[in-house]
Amino acid sequence: MSALPEPSNNFRRLQARLRGEVGKAIEDFGMIEAGDRVMVCLSGGKDSYTLLDILLSLKRSAPVHFDLIAVNLDQKQPGFPAHVLPDYLTALGVPFHIIEQDTYSVVKRVIPEGKTMCGLCSRLRRGALYRYAAENGITKIALGHHRDDIVETLFLNMFFGGKLKTMPPRLRSEDGKHIVIRPLAYVAESDIERYARVREFPLIPCTLCGSQQNMQRVEIKKMLREWEGRYPGRTESIFSSLRNVVPSHLADPGIHDFSLPAKSEPGDAGILDQ
């Protein structure tokens, strides 16, 4: 029997790495438990396709039973190929549901021309997905955000919001009713791009906001890619810092009461004399 072609070997190694990273994220952050009904939010982009693909692969060998259902929100964007996802998911044999809600018209009516639409669009989309989850016994809502998304969001909040926060791998919604998970939290976007290219997913571009090339996130992404080009591994290092936070060395009055008299700590003596 002849050996498999090199590309196939490369792909199997890539798939194994993604499975390992997703599995580790699920374990590290307690994302999926026995009996969970996990809703995979499928947009038609490379990230959510990859998320579904890897979760299906892990489900077959997982030590606990959980169910997956793919859910897409048809936002009624002009020209949206509504048949693509149903055809793909039917062929795959995956349970799915398409939510039809005209959020496109709302966003176009409310947001002035040239302004970023993502904020309102994401809120409307989240509301529709939360409603479906509440009405259908969903215990976990899986989103396709990857490691690069998390790092980009950190800098977006720092540069434009004055806050030190990002997307957590596991999050309970503000009303406490939903748990959002991000199983791709450890996965690099470049690996997802390679995976999606080989798997030939039927990608659907976002015509609502995907062409807004002046968005702040686009600028942050460009900055990080330039950094990564000059200093390979920088994005991974920044992500690692999010798992190694030292709250005592930050300046948040909500964490520390700076009005209290400072206590002498080891290493403090002589600081003012240096």
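To be clear, the structure that these remarks concern was listed above.
Residues numbered from 1 in each chain as written. Predicted model: local features only at pLDDT ≥ 70, side-chain atom pairs only at ≥ 80, totals over all residues. Heavy atoms only, no water.

Here we come to the packing of helix H6 (residues 147-161) against helix H8 (residues 216-230). Taken N-terminus to C-terminus, the directions of H6 and H8 make an angle of 115°; their axes are 9 Å apart at the nearest point. Both H6 and H8 take part in a crossing whose hand is right-handed. Side by side, H6 and H8 meet where Asp-149, Val-151, Glu-152, Thr-153, Phe-155, Leu-156, Phe-159 and Phe-160 of the first sit next to Gln-216, Arg-217, Ile-220, Lys-221, Met-223, Leu-224 and Trp-227 of the second. In terms of residue class, the contact of H6 with H8 is made up of nine nonpolar, two polar and four charged. (Axes fitted to C-alpha atoms, helices over the stretch in contact; angles between N-to-C directions. Helix = DSSP H or I, 4+ residues; strand = E, 2+ residues; numbered from the N terminus. Left-handed = near helix turned anticlockwise from the far one by under 90°. Contact = heavy atoms within 4.5 Å. Nonpolar A, V, L, I, M, F, W, Y, C, P; charged D, E, K, R; others polar.)

Take the nonpolar core next. Core analysis: the biggest nonpolar cluster contains 49 residues, and Val-22, Ile-32, Val-38, Val-40, Leu-52, Leu-55 and Phe-155 have the highest contact counts within it. The leading source of residues in this core is helix H2 (residues 46-61), at seven residues. In terms of nonpolar packing, the next biggest core, distinct from the first, is built from 15 residues, Val-71, Leu-73, Tyr-130 and Ile-138 among them. (Core = buried A, V, L, I, M, F, W, Y, C linked by side-chain atoms within 4.5 Å. Buried < 20%, exposed > 50% of the residue type's maximum accessible area, 1.4 Å probe, protein only.)

Let's shift gears to the pattern of salt bridges. Per the stated rule, a full pass over the model turns up 16 salt bridges. The residue Lys-46 makes a salt bridge to Glu-189 at a minimum N-O spacing of 3.0 Å. Residue Lys-46 is located in helix H2, and its partner Glu-189 is located in helix H7 (residues 189-199); the two are separated by 143 residues in the primary sequence. Between Asp-53 and Arg-199 there is a salt bridge, with the nearest N and O atoms lying 2.8 Å from each other. In this pair, Asp-53 is assigned in helix H2 and Arg-199 in helix H7, connecting sequence segments 146 residues apart. Judged by its relative accessible area of 28%, Arg-199 is partly exposed. Ionic contacts of the salt-bridge type, sharing partners, join the residues Lys-46, Asp-47, Glu-152, Glu-189, Glu-193, Arg-217, Lys-221 and Arg-225 into one network. (Salt bridge = Lys/Arg side-chain N within 4 Å of Asp/Glu carboxyl O.)

This part is about the packing of aromatic side chains. Within this structure, the stated rule accounts for ten aromatic pairs. A centroid spacing of 6.4 Å and a plane angle of 90° characterise the contact between Tyr-88 and Phe-201, whose relative ring orientation is edge-to-face. Separated by 113 residues along the polypeptide, Tyr-88 in helix H3 (residues 84-92) and Phe-201 in the loop between H7 and H8 bring together distant segments of the chain. For Tyr-88, a relative accessible area of 15% translates into the label buried. Their ring planes at 75° and their centres at 6.5 Å tell us that Phe-159 and Phe-160 sit as a pair that is edge-to-face. According to the relative accessible area criterion, Phe-159 is partly exposed, its value standing at 43%. A network of ring pairs unites the aromatic residues Phe-11, Tyr-49, Tyr-88, Tyr-195 and Phe-201 as a single cluster. Of note, Arg-234 hangs over the ring of Trp-227, and the distance from its end group to the ring centre comes to 5.1 Å. (Phe/Tyr/Trp six-rings, centres within 6.5 Å; stacked < 30°, edge-to-face > 60°. Lys NZ or Arg CZ within 6 Å of the ring centre and 35° of its normal.)

This part covers the sheet that holds strand S6 (residues 179-181). Pairing is mixed across the open sheet formed by six strands, whose spatial order is S3-S2-S1-S4-S6-S5. The open sheet has two free edges, formed respectively by strand S3 (96-100) and strand S5 (170-172), since each of these has just one partner strand. Strand after strand, the sheet turns through a mean of 25° between neighbouring axes, direction not considered. As paired strands, S5 and S6 are joined by three bridges and run antiparallel to one another. Looking at the pairing, Arg-170 lines up with Ile-181 of S6. Running at roughly 165° to strand S2 (residues 67-74), H2 makes contact with strand S1 (37-41), S2 and strand S4 (140-142) of the sheet. Contacts between H3 and the sheet are confined to S2 and S3, with S3 contributing the most and set at about 170° to the helix. (Pairing = 2+ DSSP bridges.)

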